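As a plain string of letters, each chain reads:
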2 protein chains.
Amino acid sequence: MRADERARKTALYEQFARVGKALANPARLELLDLLAQGERSVEELAAAAGLRVSNTSAQLRVLAGAGLVASRRDGVRIYYRLADQNVSAFTGRVQDFATSRLADAEQAARSYLGDVAALEPVAPDELVRRLNDGQVLVLDVRPEAEYAAGHIPGAVNVPHDQLAARLAELPGGADIVAYCRGRYCVFAPDAVRQLRARGFSAWPLAGGLPDWRHAGLPVTAQASA
Amino acid sequence: MRADERARKTALYEQFARVGKALANPARLELLDLLAQGERSVEELAAAAGLRVSNTSAQLRVLAGAGLVASRRDGVRIYYRLADQNVSAFTGRVQDFATSRLADAEQAARSYLGDVAALEPVAPDELVRRLNDGQVLVLDVRPEAEYAAGHIPGAVNVPHDQLAARLAELPGGADIVAYCRGRYCVFAPDAVRQLRARGFSAWPLAGGLPDWRHAGLPVTAQASA
DNA sequence: AACCTATTCTAATATATTTTGGAATATTGT
DNA sequence: ACAATATTCCAAAATATATTAGAATAGGTT
């Protein structure tokens, strides 16, 4: 191979590796999952991910360098968002890829989430059917800010950490479908377990809001009733 | 968040990051592209990627640790292969992801491959149609070992570096469709340019052998005629 | 203009990865 | 057993990444 051809080939693979490098860090992957819920300021992201602000800023710079996130300034704050919706589809694939072929990853997911399959998750299009039939309450158990940034139309927001105290707000008889940040978010499975323990009929939505979005289903940013 | 919950969450994201880490190095990505052509020994991989054997071995260990490759021993040699076909589909996505959103990556691809679109690549199913009509020669311009490991049925193997010397073997009148390792392999585009310069009617196959495989089309490991 | 706040930048340290050359290991063939 | 060979293992050096604390910057407010 000619020297310049080898150099160009290496340069190309170095470019490909930029994407891998961006995904090579757990903190960055967590930030991407948070950003899949909607745009957030650096400070909010730092708090949600348990990182220092300066570290968060540095990781966001890496993500921006790999073309995964974009930002806008609003006054003194800078809001980051995913560069486009394909990013969350892509990171979802990375996660599924990991859990499907690494025993340790599968076990880590199970240890964190419990046995989600045993809760019989409802697929997005199945939820659509049940909504058309009426008689199902959609419960968004994510933090308020994420609900505000976008949620399933008609969903009621009760953040996971307030659920125990606000059970009285929920209609006793209705079927409840709870959703959260996605396939590897613990909020909805936990909520469903809590609800069932209190006698409710509840299921998690398979895939959370990201999979709902990718199925092309509607998302609204209006406030809840 | 409880401390142990945070620990489990971090553990999960660390597992996800293992996949990213495996993809975070250009040499490893090149090895994956080589392995997408078929299994190869460590020594062969090292030669093809321009790496030392000990380095190749170390990188393969990383890939195996991320569940991307598997190996078998045959006598004194150890042959590595992709863990399954999903791996090459996945790395292909990473590469497309990079070139579609990083200007530098797009430019690196163009600098290495030239303007492939201008050569009017033939899609796999279009090639199938043209094969059914007869009158098209399928040319595999990859190294002999890769051809031997698996090729499009009926394809003739003329490795890219022998093409200039073996033009006489090609029928003057026929349409020629040349293929190589994939979307970011330079062999087929270069071969098509050479052939056109000598008066042949030639096109590259879009996506090379990996995309042909992913389309569910047949691959044979028999020797050529 | 002075002050406040969110974010980025900088420099330093700690940690991880990459690469190399050579020793160790495993298998085959004599 | 011994020699030959492919691969892995090991230790060291070079390089890259992650994280922190605090300084610098930019926009907003008083």
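For the structure, check the block above.
In this text the structure is predicted, and so the values were computed from the model without any measurement. (Residues numbered from 1 in each chain as written. Chains lettered and ligands numbered in written order. Predicted model: local features only at pLDDT ≥ 70, side-chain atom pairs only at ≥ 80, totals over all residues. Heavy atoms only, no water.)

## Some points on the relation of the copies chain B and chain A
So, point 1. Overlay of chain B on chain A (RMSD 0.0 Å): rotation 180°, translation along the axis 0.0 Å. As the rotation angle and translation indicate, the two copies are arranged about a two-fold axis. Among all residues of chain B, the one whose C-alpha sits closest to the rotation axis is G20 of chain B, at a distance of 2.4 Å.
So, point 2. In this assembly, 100% of the residues forming the interface of chain B have copies in chain A that are likewise at the interface, indicating an isologous arrangement. (Least-squares fit on C-alpha atoms with pLDDT ≥ 70 in both. Contact = heavy atoms within 4.5 Å.)

## Some details on the interface of chain B and chain A
So, point 1. Counting residues at the interface gives 51 residues for chain B, matched by 51 residues for chain A.
So, point 2. With both sides pooled, the region where chain B packs onto chain A buries about 4500 Å², and carbon together with sulfur makes up 66% of that total.
So, point 3. For the chain B face of the interface with chain A, the top three residues by lost area are Y13, F16 and Y112 of chain B, together amounting to 16%.
So, point 4. The tally of links between chain B and chain A comes to eight salt bridges.
So, point 5. The partner of E30 of chain A in a salt bridge is R6 of chain B, with the nearest N and O atoms 2.6 Å apart.
So, point 6. Counting the contacts that link chain B with chain A gives 14 residue pairs in polar contact (both at pLDDT 80 or more).
So, point 7. Of all the elements in the fold, those that place two or more residues in the side of chain B that touches chain A are α1 (3-22), α2 (26-35), α3 (42-49), α5 (85-101) and α6 (103-113) of chain B.
So, point 8. Counting residues per element, the side of chain B that touches chain A draws most heavily on α1 of chain B, which supplies 15 residues.
So, point 9. Here the side of chain B that touches chain A is built from residues that sort into 27 nonpolar, 10 polar and 14 charged. (Buried area = accessible area lost by both parts, 1.4 Å probe. Salt bridge = Lys/Arg side-chain N within 4 Å of Asp/Glu carboxyl O. Polar contact = N/O pair within 3.5 Å; in protein donor to acceptor, adjacent residues only side chain to side chain. Helix = DSSP H or I, 4+ residues; strand = E, 2+ residues; numbered from the N terminus. Nonpolar A, V, L, I, M, F, W, Y, C, P; charged D, E, K, R; others polar.)

## Some points on the protein's contact with DNA strand C
So, point 1. Surveying the vicinity of DNA strand C reveals 21 residues, the closest of which are E43, S57 and Y80 of chain A together with R28 and R52 of chain B.
So, point 2. Taken together, the sugar and phosphate atoms account for 82% of what DNA strand C places within 4 Å of the protein.
So, point 3. Interatomic distance of 2.7 Å between a side-chain N/O atom of S57 of chain A and a phosphate oxygen of DNA strand C.
So, point 4. Within the backbone of I78 of chain A, one N or O atom sits 3.3 Å away from a phosphate oxygen of DNA strand C.
So, point 5. Counted by class, the surface near DNA strand C contains six nonpolar, eight polar and seven charged residues. (Near = heavy atom within 4 Å.)

## Describing the sheet that holds strand β1 (residues 40-41) of chain A
Adjacent strands of a sheet pair through backbone hydrogen bonds, lying either parallel or antiparallel.
All names here are of chain A.
So, point 1. Strand order in the open sheet made by the three strands is β1-β3-β2, with antiparallel pairing throughout. A single partner strand is all that each edge strand has here, and the edge strands are β1 and β2 (69-74).
So, point 2. When β1 meets strand β3 (residues 77-82), the two strands line up antiparallel, connected through two bridges. The residue bridging R40 from the neighbouring strand is Y80, located in β3.
So, point 3. Contacts from helix α2 (residues 26-35) reach β1, β2 and β3, with the element oriented near 90° to β3. (Pairing = 2+ DSSP bridges. Axes fitted to C-alpha atoms, helices over the stretch in contact; angles between N-to-C directions.)

## Considerations on the protein's contact with DNA strand D
So, point 1. Close to DNA strand D lie 21 residues; N25 and R52 of chain A together with E43, S57 and Y80 of chain B are nearest.
So, point 2. Considering the 4 Å shell around the protein, atoms of DNA strand D inside it are sugar or phosphate in 85% of instances.
So, point 3. S57 of chain B is positioned with one of its side-chain polar atoms (N or O) 2.7 Å from a phosphate oxygen of DNA strand D.
So, point 4. One nitrogen or oxygen atom from the main chain of V76 of chain B is found 3.4 Å from a sugar or linking oxygen belonging to DNA strand D.
So, point 5. Those elements that place two or more of their residues in the surface near DNA strand D are α4 (53-65) of chain A together with α3, α4 (53-65) and β3 (77-82) of chain B.
So, point 6. It is α4 of chain B that provides the largest number of residues to the surface near DNA strand D, a total of four residues.

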